[in-house]
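The chain contents come next:
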Amino acid sequence: MNKNISDLYLLAQKKKRNVIGLMSGTSLDGLDIAYCQISGAGQATKVQLLQFETIEYSADFKEKIRRVFAEETIDFQYLTLLNAWLGRYHGGLINSFLKKNKIEKSDVDLIASHGQTVFHAPKLLHKITQFPNATLQIGDGDHISVSTGIITISDFRQKHVAAGGEGAPLAVYGDYLIFSKKGENRIMLNIGGIANFTFLPKSGEASDVFVTDTGPGNTIIDAYIRKFYPEKAFDKNAEIALEGQINNSLLFELKNHEFFSQSMPKTTGPELFNIKYVEKAQKESGTIDLNIFDLMATITRFSAETIAETIKNAAGKKEKYKIYLSGGGMHNPLIIKHLNELLPNFSLENSNILGIDGDAKEAILFAILANETVAGGDINFGARESVPSVSFGKISFPK
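## Digging into the nonpolar core
Then, in step 1: In terms of nonpolar packing, the biggest core is built from 50 residues, with Leu 189, Met 296, Ile 299, Ile 311, Ile 323, Leu 339 and Phe 346 touching the most fellow members.
Then, in step 2: Sorting elements by how many residues they give to this core places helix H11 (residues 292-314) first, with nine residues.
Then, in step 3: Of all hydrophobic cores here, the second largest spans 40 residues; its members include Ala 171, Ala 360, Ile 368 and Ala 370.

## Here we look at the layout of surface pockets
Then, in step 1: The calculated volume of the second largest pocket comes to roughly 490 Å³.
Then, in step 2: Along the wall of the second largest pocket there are 19 residues; nearest its centre are Phe 69, Glu 71, Arg 226, Asn 274 and Ile 275.
Then, in step 3: Within the residue set of the lining of the second largest pocket, elements represented by two or more residues are helix H8 (219-228) and helix H10 (275-285).
Then, in step 4: Split into classes, the residues belonging to the lining of the second largest pocket amount to seven nonpolar, five polar and seven charged.

## Observations regarding the packing of aromatic side chains
Then, in step 1: Tallied over the entire structure, the rule returns 17 aromatic pairs.
Then, in step 2: With 5.8 Å between their ring centres and 80° between their planes, Phe 260 and Phe 302 make a pair best called edge-to-face. Of this pair, Phe 260 sits in the loop between helix H9 (248-254) and H10 while Phe 302 is found in helix H11, placing the two residues 42 residues apart along the sequence.
Then, in step 3: Phe 302 gets classed as buried once you look at its relative accessible area, which sits at 0%.
Then, in step 4: Ring centres 6.2 Å apart and planes at 10° place the aromatic pair Tyr 277 and Phe 302 in the stacked group. One end of the pair, Tyr 277, is in helix H10; the other, Phe 302, is in helix H11, and 25 residues separate them in sequence.
Then, in step 5: Since its relative accessible area comes to 11%, Tyr 277 is described here as buried.
Then, in step 6: Here a set of aromatic residues connected by ring pairs shows up, and it is made of Phe 259, Phe 260, Phe 273, Tyr 277 and Phe 302.

## Some thoughts on helix H13 (residues 361-375)
Then, in step 1: Between the first and last C-alpha of H13 there are 21 Å, a value that for 15 residues agrees with the 21 Å anticipated at 1.5 Å per step.
Then, in step 2: Of all 15 residues in H13, 13 are buried; the element is thus mostly enclosed.

Rules used throughout
- Residues numbered from 1 in each chain as written.
- Predicted model: local features only at pLDDT ≥ 70, side-chain atom pairs only at ≥ 80, totals over all residues.
- Heavy atoms only, no water.
- Core = buried A, V, L, I, M, F, W, Y, C linked by side-chain atoms within 4.5 Å.
- Buried < 20%, exposed > 50% of the residue type's maximum accessible area, 1.4 Å probe, protein only.
- Helix = DSSP H or I, 4+ residues; strand = E, 2+ residues; numbered from the N terminus.
- 1 Å grid on protein atoms, 1.4 Å probe; cavity = no way out; pocket = protein on both sides within 12 Å on 5 of 7 lines; lining within 4 Å.
- Points joined across faces, edges and corners; volume = space filled by probe spheres on them.
- Nonpolar A, V, L, I, M, F, W, Y, C, P; charged D, E, K, R; others polar.
- Phe/Tyr/Trp six-rings, centres within 6.5 Å; stacked < 30°, edge-to-face > 60°.
- Expected span 1.5 Å × (residues − 1).

Okay, here's the thing in structure tokens:
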């Protein structure tokens, strides 16, 4: 037997596995590194976060990614080079993280890398009949594995697409394994660049789980901050949006897109929701001269309203629900204020009260997916294409 396969077999037999989960989102804030200890698998999964850090990306790094990010026309050679470079770069950040926290590489069983999404193309966006759903994440797993000396599982989204899904959201799998609770309807709302939620029914049945994107979270807000305030990365504490007034004409046009009337589940990305999208809505509403404060107030409300409306459309009126928040948007007080107003019959809490740091949640969920790849069994999520019952990720060995 090949030694790599033998090592993997022994790893699968362990009672506990130490897994590093990596997440680099569309907001390009930085690389989330979650060092977890995971025991069991499937519904017996238990996870403990041992160490967490977000390593912020430099302006130069962000510029490198934005040259290809959500762009239909790119330099193909540059993308090819960037794929390898990013894998090595992430490998270097992991090595620094381990050294800083005095963690021996021999104490890490697996790395789970989400990679960096550079283009997301579900069929409802590309609308080319002969082609299926597609998505692309770069930061090759082989480069991470060789540069760290640790088995790496990466490229999780491709199996989801191959099985008929749209490649997102993948949080549903980890959400179900560690947050599902019989007797309580839970909505795990993640407000990242794009907002999405997982509905965990009180029945506890995997086949009843529901997941969808709602539309923009922080992506348009952050894009306008970068445009008007190059020294800032985001609207900290909603300081700029709070100075403005909501323009209802613009808000109406922002919401006047077929995405919001399409049936759930659905996915989207910055390929649709970007500055050009807003500028088109401004032309249609005659609000081209809107000042930045009113613009920020309006697009912040746009994110909140589309989140709230999608949740209300998915939720039964006779049922009670608890919403648990994660992602960068949970730190935006204006988004949270709007959500509390728009969802008066729902309770909103930070996912921290469930024992999982809301900022670390996505990285932890990919660590759980890697654990399932190695040691998990079959979980029947039913016949929904949005939640195919598959095992995820490509395995890269260090040698």
